[in-house]
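Below, each chain spelled out in residue letters.
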Amino acid sequence: MEMIRTGNLKKSYMPGKVEVKALNGVDTSIEHGEFVAIMGPSGGGKSTFLNLVGMLDTPTSGEIYIDGSDVTKMNSNTRAEYRLKHIGFVFQFFNLFNELTAVENVMFPMMLNKQSGYKYRAKELLNLVGLGDRLHHLPSELSGGQQQRVTIARSLANDPKMLLADEPTGNLDTKSSIEIIELFRKLNQERGQTIVMVTHSPEIGGMADRIIHFRDGIIENL
């Protein structure tokens, strides 16, 4: 069953007088429970595709279906609510609240979503990512790899249908990068978590189940 399907997806920008076509007709499908890497040269449309699928931006034209729902027809409020409840994000920059502890950072989206038992679930998720002994540490007291694990735990807080990761190892050393991707594989294999990850690294991309190559705003057939 499809988790993501796009039809003739296009996105253009007008930074000046010349139109820039970031995506130029992308048709693709990603199944439930897949771990997919999005690769290609800079400017190829990788992050634009992720932002559109993650409902952080809207397409110029085309269709996006998430778990059977046409999200391009949703209004802004419905999109925001859907995104909070069903999509988890992991970025290159950890975007943690520096004044909050690890467990408080993970609790935050659950509090926004008015979940009950959020403190227990936050602890559970930090245990899942191997940080059960770092619950009350501030981000400044954690390594880069540990901060990204907190981010991953937070992204899972609302039990999302899919996890979108944009260069999740971009700020990490090789050892920490491998550990983060191994954690993704664990989440994918043991929990059936759908994961779509943008990366420049062939080594990191090769750890996914499948690679989709973007170039010049289209999917490149290799």
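See the structure printed just above.
S.K.: Can you lay out the overall build of the protein for me, pointing to particular residues and giving the numbers?
M.R.: In terms of helices and strands, the protein carries 7 helices and 10 strands. In terms of overall size, the protein behaves like a compact globule, its C-alpha atoms giving a radius of gyration of 17 Å where 222 residues would be expected to give roughly 17 Å. Seen through its C-alpha atoms, the protein measures out along the principal axes to roughly 50 × 40 × 40 Å. When burial is assessed residue by residue, the protein has 47% of its 222 residues classed as buried. Nonlocal contacts in the protein, meaning residues at least 24 apart in sequence, comprise 73% of its contacts between residues at least 6 apart. Each charge sign in the protein was given a centre, from 24 positive and 26 negative side chains, and these centres are 4 Å apart.

S.K.: Please provide a residue-by-residue account of the pairing of strand β8 (residues 194-198), values included.
M.R.: Of all 5 residues in β8, 5 are buried, a share of seventy percent or more. Neither face of β8 is exposed, since Thr194, Val196 and Val198 on one face and Ile195 and Met197 on the opposite face are all buried. Where strand β3 (residues 35-39) and β8 come together, 4 bridges link them in parallel fashion. The residue bridging Val36 from the neighbouring strand is Val196, located in β8.

S.K.: Give a description of the nonpolar core that names residues and reports values.
M.R.: Counting 35 residues, the largest nonpolar core has Val106, Leu126, Val150, Ile152, Phe184 and Met197 as its most contacted members. Excluding residues that lie within four positions of it along the chain, Leu126 makes contacts with Ala102, Val103, Val106, Leu131, Gly132, Leu135, Val150 and Ala153. One finds Phe49, Leu50, Leu164 and Ile212 within the second-largest nonpolar core, a separate group that totals 26 residues.

S.K.: Give me the sheet that holds strand β7 (residues 162-166): which residues, what numbers.
M.R.: Note on sheets: strands pair through backbone hydrogen bonds, and any given pair is parallel or antiparallel. Spatially, 6 strands are ordered β6-β7-β8-β3-β9-β10 in an open sheet, and the strand pairing comes out mixed. At either margin of the open sheet sits one strand with a lone partner, and together these are β6 (87-91) and β10 (218-219). Of the strand pairs in this sheet, strand β9 (residues 210-215) and β10 are connected by 2 bridges, and their pairing is antiparallel. Opposite Phe214, over in β10, you have Ile219 as the bridge partner. Its contacts with the sheet put helix α1 (residues 46-53) on β3, β6, β7, β8 and β9, and the angle it makes with β7 is roughly 150 degrees. Where helix α5 (residues 144-155) meets the sheet, it contacts β6 and β7, and its direction lies at approximately 165 degrees from that of β6.

S.K.: Before we move on, could you go through unusual backbone geometry and cite the residues and values that matter?
M.R.: Look at Asn8: it is not a glycine, yet its phi comes out positive at around 50 degrees. Among the residues examined, Asn8 registers a relative accessible area of 42% and is labelled partly exposed. Phi is positive for Glu167, close to 50 degrees, though the residue is something other than glycine. Mapped onto the secondary structure, Glu167 falls in the loop between β7 and α6 (174-191).

S.K.: Lay out the packing of helix α3 (residues 102-112) against α5 in plain terms, naming residues and giving numbers.
M.R.: Closest axis-to-axis distance for the α3/α5 pair is 8 Å, and the angle between their directions is 30 degrees. With respect to each other, α3 and α5 are oriented roughly parallel. Between α3 and α5 lies a crossing whose hand is right-handed. Between α3 and α5, the contacting residues are Ala102, Asn105, Val106 and Pro109 on the first element and Val150, Ala153 and Arg154 on the second.

S.K.: Please provide a residue-by-residue account of the packing of aromatic side chains, values included.
M.R.: On inspection of all chains with the given rule, the structure shows 4 aromatic pairs. When the centroid spacing of 5.2 Å and the interplanar angle of 45 degrees are considered together, the rings of Phe49 and Phe214 count as tilted. With Phe49 in helix α1 and Phe214 in strand β9, this residue pair connects regions lying 165 residues apart in the sequence. The two residues Phe49 and Phe214 agree in class, both being buried. The interplanar angle of 5 degrees and the centroid separation of 5.8 Å between the aromatic rings of Phe89 and Phe91 together place this pair among those described as stacked. Residue classification places Phe89 among the buried residues on the basis of a relative accessible area of 18%. For Phe91, a relative accessible area of 28% translates into the label partly exposed. Seen from the ring of Tyr65, Arg5 lies directly overhead, with NZ or CZ sitting 4.5 Å from the centre.

Parameters and conventions
Residues numbered from 1 in each chain as written. Predicted model: local features only at pLDDT ≥ 70, side-chain atom pairs only at ≥ 80, totals over all residues. Heavy atoms only, no water. Helix = DSSP H or I, 4+ residues; strand = E, 2+ residues; numbered from the N terminus. Rg over C-alpha atoms; globule rule 2.2 N^0.38 Å. Buried < 20%, exposed > 50% of the residue type's maximum accessible area, 1.4 Å probe, protein only. Contact = heavy atoms within 4.5 Å. Lys, Arg positive; Asp, Glu negative; His and termini not counted. Charge placed at Lys NZ, Arg CZ, Asp CG, Glu CD. Pairing = 2+ DSSP bridges. Core = buried A, V, L, I, M, F, W, Y, C linked by side-chain atoms within 4.5 Å. Axes fitted to C-alpha atoms, helices over the stretch in contact; angles between N-to-C directions. Parallel < 35°, antiparallel > 145°, perpendicular 65-115°, else oblique. Left-handed = near helix turned anticlockwise from the far one by under 90°. Phe/Tyr/Trp six-rings, centres within 6.5 Å; stacked < 30°, edge-to-face > 60°. Lys NZ or Arg CZ within 6 Å of the ring centre and 35° of its normal.

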